[in-house]
Amino acid sequence: MRQRLLPKAGFSVSELGLGCEHLQGKDEGLIREVVGAALDGGINILDLFMSEPNVRTNIGRALGNRRDQVAVQGHIGSAWLDGQYTRTRDLEQCRRFFDDLLRRLNTEYMDIGMIHFVDDLQDWRAIEKGPVMEYAQSLKASGRIRATGMSSHNAQVALEAVRSGLIDVLMFSINPAYDLLHETTLIDDLFKGETYQAQTLRGVNPVRAELYRSCEALGVGITVMKTLGAGALLEAKSSPFGTALTVPQLARYALDRPGVASVLVGCISP
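Residues numbered from 1 in each chain as written. Predicted model: local features only at pLDDT ≥ 70, side-chain atom pairs only at ≥ 80, totals over all residues. Heavy atoms only, no water.

**A look at the side chain of His116**
Here comes step 1: As for its placement among the helices and strands, His116 is situated in the loop between strand E8 (110-115) and helix H4 (121-128).
Here comes step 2: By relative accessible area, which is 4% here, His116 ends up buried.
Here comes step 3: One polar contact links His116 to Tyr85, side chain to side chain, over a distance of 2.8 Å.
Here comes step 4: In contact with His116, other than residues within four places in its own chain, are Phe49, His75, Ile76, Gly77, Ser78, Tyr85, Arg87, Arg89 and Ser151. (Helix = DSSP H or I, 4+ residues; strand = E, 2+ residues; numbered from the N terminus. Buried < 20%, exposed > 50% of the residue type's maximum accessible area, 1.4 Å probe, protein only. Polar contact = N/O pair within 3.5 Å; in protein donor to acceptor, adjacent residues only side chain to side chain. Contact = heavy atoms within 4.5 Å.)

The structure is reproduced here in structure tokens:
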């Protein structure tokens, strides 16, 4: 497994990583098998945004004494309230559920403290100068995170965050379909066929292209989500290209973008 450097973070990660979202609701035995297969195959980065308690506990058990072999992206602002996931900017909730993640993974640190799901410019600007960023910076200063990250699906927001100098790692949605769309396309619309029919598609959106170049120039490594378009690109009937693409094609596409360090793919079996 080849590795690539996350320049500002100062450590390297495998070109392929494990996105853990689809492990939520699975039993402990299956989670152990999936995580074990990933680590045995040379994967050394995983993303864990989910706030649901059982999946956090089971992934922690699956990592066991191999925790130091893997870089974990743990999210700041992902909470479990009233029995369901929610995104929060409330500082006490951010603290509570980040501490919960550390405890359930039986670890004292996250490799990447990922400020969770920032798709709105007003939201970013409030975070940039507010208590959530101060909290992330304090976690880094104390060694409880090794790098500060942010996840986003919006190229304008991501570009502003990267240029702020506050972000070491960007988690961003990249695939050949999303790259064609207007930079302000909402996340829910990324999965709709009519989104692609309603827009004039003329190559890679220039704001997205500028985002990737800026990440490369500023040393902000990109970890990629939505590589497969939530599976839509794997079937001809749901692909906006009218033909099915393959997992290797889509992984290669993302890895060829400037600044990309790792492609995180969701798996539900070893």
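So, next bit.
**A closer look at the pairing of strand E1 (residues 3-6)**
Here comes step 1: Pairing of E1 with strand E2 (residues 11-14) involves 4 bridges; the strand directions are antiparallel. Looking at the pairing, Leu6 lines up with Phe11 of E2.
Here comes step 2: In this antiparallel pair of consecutive strands, E1 and E2, the connection spans 4 residues, and Gly10 shows a positive phi of 90 degrees. (Pairing = 2+ DSSP bridges.)

**Some words on helix H2 (residues 53-63)**
Side chains of residues three or four places apart in an α-helix project in the same direction, reflecting 3.6 residues per turn.
Here comes step 1: When you tally the buried positions in H2, you get 8 out of 11 residues, the bulk of the element.
Here comes step 2: Looking at H2, one finds that the buried residues are Val55, Arg56, Thr57, Asn58, Ile59, Gly60, Ala62 and Leu63.
Here comes step 3: Here H2 starts with a cap whose side-chain oxygen sits 3.1 Å from the backbone nitrogen of Asn54, and that cap is Glu52.
Here comes step 4: Positive phi appears at Gly64, one or two residues downstream of H2, with a value of about 50 degrees.

**So, the sheet that holds strand E5 (residues 71-76)**
Here comes step 1: The strand order around the closed barrel formed by 8 strands is E3-E4-E5-E8-E9-E10-E11-E12, and the pairing between neighbours is parallel. Here the strands of the sheet are splayed against their neighbours by 30 degrees on average, with no regard to which way each runs.
Here comes step 2: Note: E5 against E8, 4 bridges, orientation parallel. What sits directly across from Ile76, in E8, is Ile115. (Axes fitted to C-alpha atoms, helices over the stretch in contact; angles between N-to-C directions.)

**Observations concerning the side chain of Ser151**
Here comes step 1: Mapped onto the elements, Ser151 comes out in strand E9 (residues 145-152).
Here comes step 2: Ser151 sits in the buried class, given a relative accessible area of 3%.
Here comes step 3: Discounting chain neighbours no more than four positions away, the residues touching Ser151 are His75, Met114, Ile115, His116, Phe117, Val118, Met171 and Met225.

**Concerning the packing of helix H1 (residues 28-40) against H2**
Here comes step 1: In contact at an axis separation of 9 Å, H1 and H2 are set at 50 degrees when each is read in the N-to-C sense. For the element pair H1 / H2, the angle class is oblique. H1 and H2 meet at a crossing whose hand is right-handed. Of the residues in H2, those in contact with Glu28, Ile31, Arg32, Val35 and Leu39 of H1 are Val55, Asn58, Ile59, Arg61, Ala62 and Leu63.
Here comes step 2: Across the contact of H1 with H2, the residue classes tally to 7 nonpolar, 1 polar and 3 charged. (Parallel < 35°, antiparallel > 145°, perpendicular 65-115°, else oblique. Left-handed = near helix turned anticlockwise from the far one by under 90°. Nonpolar A, V, L, I, M, F, W, Y, C, P; charged D, E, K, R; others polar.)

**Considerations on the environment of Asp168**
Here comes step 1: Along the chain, the position of Asp168 falls in the loop between helix H6 (155-163) and strand E10 (169-173).
Here comes step 2: By relative accessible area, which is 4% here, Asp168 ends up buried.
Here comes step 3: As for Asp168 and Gly149, which are separated by 19 residues in sequence, their C-alpha atoms are 5.6 Å apart.
Here comes step 4: If sequence neighbours within four positions are ignored, Asp168 has contacts with Lys8, Ala9, Lys140, Ala147, Thr148, Gly219, Val220 and Gly221.

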